[in-house]
Amino acid sequence: MVRAALVVYLVIASSAAIAAEPTAVTWKIDNLESIGGARVTVVGKPKVIETEQGKAVEFNGQDDALFVDSNPLAGWPVFTAEVIFRPASKGPKEQRFLHFQPAEGEDRLLFETRLPVDDQWFLDTYVQTSAGKQTLFAKDSPHPCDRWYHAAVVVDGKTMTHYVNGQEELAAEMKFMQLSKGQTSIGCRFNKVHWFQGAVRLIRVSPTVLKPSQFLKP
């Protein structure tokens, strides 16, 4: 009887441990009311649009944004953050289109586009925590605007790497301390500057270091 009870206890404990493990969070950016079950605050007049891959939200580059009442990266010592988006030509030269930030302090993860000319962009990513900070400024890897792209930032606790369409562009050493609970802005930086012109369709964050073969497809 004692042995049977011990087996049952171990099974329950094991199941609880498995259930407690963090899992990937996928956000479809297809409405203006709720994303991933979290409340959304709308700034300006972003539009829900139809695309060949489903619905997305389009931003005007002047005063459109979504603020999601969740920071899905909170508590993760390593992560992979992915976004599928379409930058528009003739948009602002500096755009912060995806920003994860805790409720307190200046820790953050930023996805940015830079447009050196009207019809090209390159990826600029930034991570800051109490343990360190790093910028990956891929000025030598331009891409045409007005197309769908996949961008990813991978942080393994020692190194930060970013990718566009599964191709590594830059990597650098960086110490990382996990982020705390907070919010996410889509379409501008958290303090409502550097607005994004284009569309965002999908965001996924994973509590693991993914390989490019495991990334979402644009």
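Criteria and cut-off values
- Residues numbered from 1 in each chain as written.
- Predicted model: local features only at pLDDT ≥ 70, side-chain atom pairs only at ≥ 80, totals over all residues.
- Heavy atoms only, no water.
- Helix = DSSP H or I, 4+ residues; strand = E, 2+ residues; numbered from the N terminus.
- Rg over C-alpha atoms; globule rule 2.2 N^0.38 Å.
- Buried < 20%, exposed > 50% of the residue type's maximum accessible area, 1.4 Å probe, protein only.
- pLDDT = per-residue confidence, 0-100.
- Contact = heavy atoms within 4.5 Å.
- Polar contact = N/O pair within 3.5 Å; in protein donor to acceptor, adjacent residues only side chain to side chain.
- Core = buried A, V, L, I, M, F, W, Y, C linked by side-chain atoms within 4.5 Å.
- Salt bridge = Lys/Arg side-chain N within 4 Å of Asp/Glu carboxyl O.

Here's the deal with the overall build of the protein
Logical step 1: A count of helices and strands for the protein gives one helix and 17 strands.
Logical step 2: Computed over the C-alpha atoms, the radius of gyration of the protein is 19 Å, within 12% of the 17 Å expected from 2.2 N^0.38 for a compact globule of 218 residues.
Logical step 3: Each principal axis of the C-alpha atoms in the protein carries an extent, and together these give about 75 × 40 × 35 Å.
Logical step 4: Here the protein holds 218 residues, and 47% of them are scored as buried.

Considerations on the confidence of the model for the protein
Logical step 1: Residues of the protein with pLDDT of at least 70 account for 91%, and the chain-wide mean is 92.
Logical step 2: pLDDT under 50 marks residues 2-19. Its contacts with residues more than four places away, or in other chains, come to zero contacts.

Focus on the side chain of Arg204
Logical step 1: Structurally, the position occupied by Arg204 is in strand S17 (residues 197-206).
Logical step 2: You can call Arg204 buried: its relative accessible area is 16%.
Logical step 3: There is a polar contact of 2.9 Å between the side chain of Arg204 and the backbone oxygen of Gln214.
Logical step 4: Dropping the residues within four chain positions of it, Arg204 is found in contact with Val25, Thr26, Thr80, Ala81, Glu82, Leu210, Gln214, Phe215 and Leu216.

Things to note about the environment of Phe59
Logical step 1: Considering the arrangement of structural elements, one finds Phe59 in strand S5 (residues 54-60).
Logical step 2: Assessed through its relative accessible area of 2%, Phe59 is described here as buried.
Logical step 3: Along the sequence, Phe59 and Arg189 sit 130 residues apart, while their C-alpha atoms lie 13 Å from each other.
Logical step 4: Residues within four places of Phe59 in sequence aside, it is in contact with Pro46, Asp64, Ala65, Leu66, Ile186, Gly187, Phe196, Gln197, Gly198 and Val200.

A word on the nonpolar core
Logical step 1: Membership of the largest hydrophobic core comes to 41 residues, with the highest contact counts inside it found for Phe111 and Ile186.
Logical step 2: Once residues within four sequence positions are removed from consideration, Ile186 is found in contact with Ile29, Ile35, Phe59, Ala65, Leu66, Val68, Phe97, Leu98, Val200 and Ile203.
Logical step 3: Within the second largest apolar cluster, seven residues are counted, among which are Ala56, Trp148, Ala199 and Leu202.

Comments concerning the pattern of salt bridges
Logical step 1: Inspection of the entire model under this criterion finds 10 salt bridges.
Logical step 2: Between Arg39 and Asp69 there is a salt bridge, and its shortest N-O distance comes to 3.9 Å. Within this pair, whereas Arg39 is found in strand S3 (residues 38-43), its partner Asp69 is found in the loop between strand S6 (65-68) and strand S7 (79-87), the two being separated by 30 residues in sequence.
Logical step 3: Looking at Arg39, the relative accessible area reads 52%, which means it is exposed.

Focus: the side chain of Thr80
Logical step 1: As for its position among the elements, Thr80 is in strand S7.
Logical step 2: A distance of 3.0 Å separates a polar side-chain atom of Thr80 from the backbone nitrogen of Leu210.
Logical step 3: Other than its neighbours up to four places away in sequence, Thr80 contacts Val153, Val154, Arg204, Val205, Ser206, Thr208, Val209, Leu210 and Phe215.

Points about unusual backbone geometry
Logical step 1: Backbone geometry places Lys90, a non-glycine residue, at a positive phi of 65 degrees.
Logical step 2: Looking at the secondary structure, you find Lys90 in the loop between S7 and strand S8 (94-102).
Logical step 3: Positioned with a positive phi, Lys192 is a non-glycine residue whose angle comes to about 65 degrees.
Logical step 4: Counting through the fold element by element, Lys192 comes out in the loop between strand S16 (182-186) and S17.

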